[in-house]
Every structure is written in structure tokens, then in C-alpha cells.
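Spelled out, the chains give:
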Amino acid sequence: MLLALLLIGADAGAIAADTAMAQSVSGWNAGDIDRFLRVYSDDPSTSFVAGDGLVRGKAAMKVRYQAKYDFADPAKRGTLTIERLDYRPLGHDYALYIGRYTLRYPDGHSASGPTSLVLHHEVGGWKIVADHSS
């Protein structure tokens, strides 16, 4: 019985995390950087790590994304999808979300890679507190 409840809880958490990620993706695809970033925690220690280094805090992430992508131009921003590969609860109110992001551009090229996200269940729902994408 306890195992069944844990599995139900994990499934509910995965569905909630998928929903949060889908809202973020829809922000990206609409060219709305603020909606895209809404899934990230407002905690100043929230981190993003990629090939070009570590960034802390939502404001710094916004600057990084605006410098790297033209949110006003869908051809330069690309269309984002995220596929969940794994979801694991990490104790009370934390979870690991592993996915694959893909950016597809109108000229036919694409960029894709893994992303590992640590999510924290906050007052506003599941929020990313650590993102490592490559």
C-alpha cells in the first residue's frame, strides 16, 4: 500500500513538472522570455549551467538568454520542445527532472541536448532551482 501511494505521488509530481515545463516551452515559442523564465525559482541562488559557464539568479539568466537568442524573431529563436526522460522525487518537495531539449529552426537545422533540472515545490508550484543543460 505504501509503495502504491509513493508511486501515485511520483506520478502526480511528474505530471505537475511536465505541466510547468510545458508552460515554459509555450513562453519560449511565443517569444515571451518572462513566461519562459516563470518556471525558475525567484531564489537568488537559482543556477543555470551550460557550456559557457554558471549563471545565478533569474535576472542574470534573462540577460544570458537575451544575448544568445533573439526572442522577437522566431527564425533566430527556434521552436523549443522538451521530452521528459526521467523524473525522480528527491525527498520532500524536491525532484530531479531529466529531459532532452530540442530547438528547431525554419532553415532546417536544430540543436538538441540533455537537461537535468532540480525542481522545488514552492508556493507557486514546481520551480527550477538548478538547471544543467548541454
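Let us look at the layout of surface pockets. Taken as a whole, the largest pocket encloses approximately 350 Å³ of empty space. Forming the boundary of the largest pocket are 24 residues, of which F48, Y65, Y69, Y101 and S133 lie nearest the centre. When contributions to the lining of the largest pocket are tallied by element, the ones reaching two or more residues are α1 (2-30), β1 (47-50), α3 (58-68), β3 (79-89), β4 (94-104), β5 (110-122) and β6 (125-133). For the lining of the largest pocket, the per-class residue count stands at 15 nonpolar, 5 polar and 4 charged.

Looking now at the pairing of β4. Walk down a regular strand and you will see the side chains alternate between the two sheet faces. Both β3 and β4 contribute to a ladder of 10 bridges, which runs antiparallel. The residue bridging T79 from the neighbouring strand is R104, located in β4. Here 11 bridges tie β4 to β5, and the two strands are oriented antiparallel to one another. Along β5, the bridge assignment pairs R104 with S110. Counting the residues between successive antiparallel strands, the hairpin from β4 to β5 contains 5 residues, one of them, G108, with a positive phi of roughly 100°.

Here is what the cut-offs are and how they apply
- Residues numbered from 1 in each chain as written.
- Predicted model: local features only at pLDDT ≥ 70, side-chain atom pairs only at ≥ 80, totals over all residues.
- Heavy atoms only, no water.
- 1 Å grid on protein atoms, 1.4 Å probe; cavity = no way out; pocket = protein on both sides within 12 Å on 5 of 7 lines; lining within 4 Å.
- Points joined across faces, edges and corners; volume = space filled by probe spheres on them.
- Helix = DSSP H or I, 4+ residues; strand = E, 2+ residues; numbered from the N terminus.
- Nonpolar A, V, L, I, M, F, W, Y, C, P; charged D, E, K, R; others polar.
- Pairing = 2+ DSSP bridges.

The analysis is restricted to geometry; functional conclusions fall outside its scope.
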